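What the coordinates show
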Amino acid sequence: MRVIVVGAGVIGLSVGVRLAEAGHEVAVLARDLPLETTSAVAAALWYPYRALPRDAVVRWSAATYAELARLADTHPESGVSVRWGTELVRGPVTEPWWRDAVPQIEQLPSAPEGYSGGWRLPVPVSDMSLYLPWLAARLESLGATLTRAWLSALPQPSAAVTVVNATGLAARAIADDPSLLPVRGQVVLLEQPGLTEWLLEHSDEQELTYVVPREQVVVVGGTAEDGSYDPRPDPASADEILVRARALVPELRRAKVVGHRVGLRPARPAVRLETEQRGDGTIVHCYGHGGAGVTLSWGCADDVAALVGGLARG
Ligand SMILES: Cc1cc2nc3c(=O)[nH]c(=O)nc-3n(C[C@H](O)[C@H](O)[C@H](O)COP(=O)(O)OP(=O)(O)OC[C@H]3O[C@@H](n4cnc5c(N)ncnc54)[C@H](O)[C@@H]3O)c2cc1C
C-alpha cells in the first residue's frame, strides 16, 4: 500500500520506518525537517511523563524500551545508549505506575536531604542530534522519501493511499482538535563535565528538574507551562533551572552553558492513535504524545503499522 506520513518528528519517522520495513511505499512530508522539530528539543530520556492513558502508555513504553535498548546495543551510531540514573521522590515512595514497562528498578537505599527516597534504574537515552538523522537515514535506506512540504490540510486518502497524521501539536489545527494543548518546556545545554548518569525529580508538576547526559553536552531542564506558546527561551527560567540542577549535581557548577532550547509538548487527555474513514480512504491519527513522544515512539509505530497492515489486507 502507498502511505503518506505527515510529520517528521520522532513519531512520523518511527512510523515511517516501521511501515517501510513492512513493505509499504512510504512518503514522509513535513513542514519542519527532523532537526527543526519539537522532537529535536527533547531531553529524550525514556520516561513516561505527561502522556495518557496509563494502560496503553505502559504497553507502548515497554515496547519502545526494548527497541531503543536493542538499538543501543546493535547500532550505537544511532545516538541511543542505556544509562543508569536516579529519580528522586518527595512524599510517599510508591512503586511507579509504569513499573511493568522496565526490566529492572531498585529502590534508593538513602536519599539526599529534602527527599524521602527514590528509584534507580537503567533506561535508554537518545541524543536527538544523532538519533533523528539516523532515523531519517534508516527511512531513506528502506526506499522511503522525506520531503519538506507545508500542507494546509491532510491529503485526501483513497483506497490505494493511506495517510498517517503525525503532526504533533499542529494536529490542533490540521485535525481540528481543540483538546490538544501545548505544555511549554525549556532546557539549558551545558558542557559535559564527565557525567554518565541521569537524574530526575518531578515532585512539582510545573518545576521538574532533570539532568540528562549525552556524549558532548548535558541537557538540563526544565519547565512545564500549560497553554504557553512562547517559543523564546526565558533567561529567568534558565537561571532557575540551573540553580535547581546545580544544587542536585554539583559537577554542573563548573560546566559552561552552551545553549538554550524551547519546545511545545503536544499534550492531550489521551494519545490519539486511531483510524478515521474519509471517503473511500483512511487516515491513521498518531499524535498527542505529551512529554513522552520518544518514550512511546516504537510502541505507537508498531500499532500504526498493524492498523495499516490490516487495511492493506482488506
Ligand atoms: C523540553 C522538552 C523535553 C522533552 N523531553 C522528553 C524526554 O525526555 N522523553 C520523551 O519521551 N519526550 C520528551 N519530550 C516530548 C517529546 O519531545 C514530544 O512528545 C515529541 O517530540 C512529539 O513528537 P511528534 O513527532 O509527535 O511531534 P513533532 O516533533 O512536533 O513533529 C511534528 C512534525 O509534523 C510536522 N507538521 C506539523 N504541521 C504540518 C503541516 N501542516 N504540514 C506538514 N508538516 C507538518 C512538523 O513540521 C514536524 O515535522 C520533551 C519535550 C520538550 C519540549
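Residues numbered from 1 in each chain as written. Predicted model: local features only at pLDDT ≥ 70, side-chain atom pairs only at ≥ 80, totals over all residues.

From N to C terminus, the protein chain includes six helices and 15 strands. Over its C-alpha atoms the protein chain spans a radius of gyration of 19 Å, differing by no more than 12% from the 20 Å that the globule rule assigns to 314 residues. Dimensions of the protein chain along its principal axes, counting C-alpha atoms only, are 60 × 40 × 35 Å. Within the span of the protein chain, comprising 314 residues, buried residues form 47% of the whole. Put simply, 74% of the contacts in the protein chain that link residues at least 6 apart link residues at least 24 apart. (Helix = DSSP H or I, 4+ residues; strand = E, 2+ residues; numbered from the N terminus. Rg over C-alpha atoms; globule rule 2.2 N^0.38 Å. Buried ≥ 20, exposed ≤ 12 C-beta atoms within 10 Å, placed from the backbone. Contact = placed C-beta atoms within 7 Å.)

Another aspect to go through is helix 3 (residues 128-141). With 14 residues, helix 3 extends 19 Å from end C-alpha to end C-alpha; this agrees with the ideal 20 Å at 1.5 Å per step. Along helix 3, the positions that sit buried rather than exposed are M128, Y131, L132, W134, L135, A136 and L139. In this structure, the buried residues of helix 3 make contact with helix 1 (10-21), strand 2 (25-30), strand 3 (80-89), strand 5 (117-126) and strand 6 (145-148). Positive backbone phi, at 95°, marks G143, one or two positions downstream of helix 3. (Expected span 1.5 Å × (residues − 1).)

Moving on to the packing of helix 1 against helix 6 (residues 293-313). It is at 8 Å that the axes of helix 1 and helix 6 come closest, and there the two elements cross at 40°. As summarised for this structure, helix 1 and helix 6 are arranged oblique, according to the angle between their axes. Helix 1 and helix 6 meet at a crossing whose hand is right-handed. Packed against helix 1, whose contacting residues are V10, I11, S14, V15, R18 and L19, the element helix 6 presents G293, V294, S297, W298, C300, A301, D302, V304, A305 and V308 at the interface. For the contact of helix 1 with helix 6, the class distribution of residues is eleven nonpolar, three polar and two charged. (Axes fitted to C-alpha atoms, helices over the stretch in contact; angles between N-to-C directions. Parallel < 35°, antiparallel > 145°, perpendicular 65-115°, else oblique. Left-handed = near helix turned anticlockwise from the far one by under 90°. Nonpolar A, V, L, I, M, F, W, Y, C, P; charged D, E, K, R; others polar.)

Here we come to the site of the ligand. In the neighbourhood of the ligand, 44 residues make up the surrounding shell, with G9, G168, G185, G263 and G293 lying closest. Those elements that provide at least two residues to the shell around the ligand are helix 1, strand 2, strand 8 (181-191), strand 13 (257-267) and helix 6. Split into classes, the residues belonging to the shell around the ligand amount to 24 nonpolar, 17 polar and three charged. (Near = placed C-beta within 6 Å.)

To continue, consider the nonpolar core. Ranked by size, the top nonpolar core spans 86 residues in total, and within it L45, V164, V211, V220, C286 and V304 carry the most contacts. Ranked by residue count, the leading element in this core is helix 6, at eight residues. (Core = buried A, V, L, I, M, F, W, Y, C linked by C-beta atoms within 7 Å.)

Take the sheet that holds strand 7 (residues 161-165) next. Strands sit in the order 6-2-1-7-15-14 across an open sheet of six strands; the sheet is mixed. Single-partner strands in this sheet number two, and they are strand 6 and strand 14 (272-278). Within this sheet the neighbouring strands show an average axis-to-axis angle of 20°, counted without direction. Across seven bridges, the pairing between strand 14 and strand 15 (residues 281-287) is antiparallel. In the sheet register, R278 faces strand 15, and the bridge partner there is G281. Relative to strand 15, helix 6 is tilted by about 175°, and along the sheet it contacts strand 1 (2-6), strand 7, strand 14 and strand 15. (Pairing = 2+ DSSP bridges.)

Put simply, side chains in a regular strand alternate between the two faces of the sheet. Burial along strand 9 (residues 198-201) is two-sided: W198 and L200 and L199 and E201, pointing in opposite directions, are all buried. Where strand 3 lies against strand 9, four bridges are found, and the strand directions are parallel. Among the inter-strand pairings, T86 is bridged to a residue of strand 9, identified as L199. Pairing of strand 9 with strand 10 (residues 209-213), which is carried by three bridges, proceeds in the antiparallel orientation.

What follows covers the environment of Y49. Relative to the helices and strands, Y49 resides in the loop between strand 2 and helix 2 (54-74). Each C-alpha atom, one on Y49 and one on S158, is 36 Å from the other, the two residues being 109 residues apart in sequence. For Y49, the contacting residues outside a window of four places in its chain are G291 and A292.

This part is about helix 6. In a regular helix each residue adds 1.5 Å, so 21 residues correspond to 30 Å; helix 6 covers 29 Å between its end C-alpha atoms and thus fits that length. For helix 6, the principal kink sits at G299 and spans about 35°. (Bend = angle between axes of the 7 residues up to and from the residue.)

The subject of this paragraph is the packing of helix 2 against helix 6. Contact geometry of helix 2 with helix 6 gives a least axis separation of 6 Å together with a crossing angle of 100°. The orientation of helix 2 with respect to helix 6, classified from their angle, is roughly perpendicular. Counting all contacts with helix 2, which are made through V57, R59, W60, S61, A63, T64 and E67, the residues of helix 6 involved are T295, L296, S297, W298, G299, C300 and D302. Of the residues assigned to the contact of helix 2 with helix 6, the class counts are six nonpolar, five polar and three charged.

Function-wise, these values are silent; they only describe arrangement.
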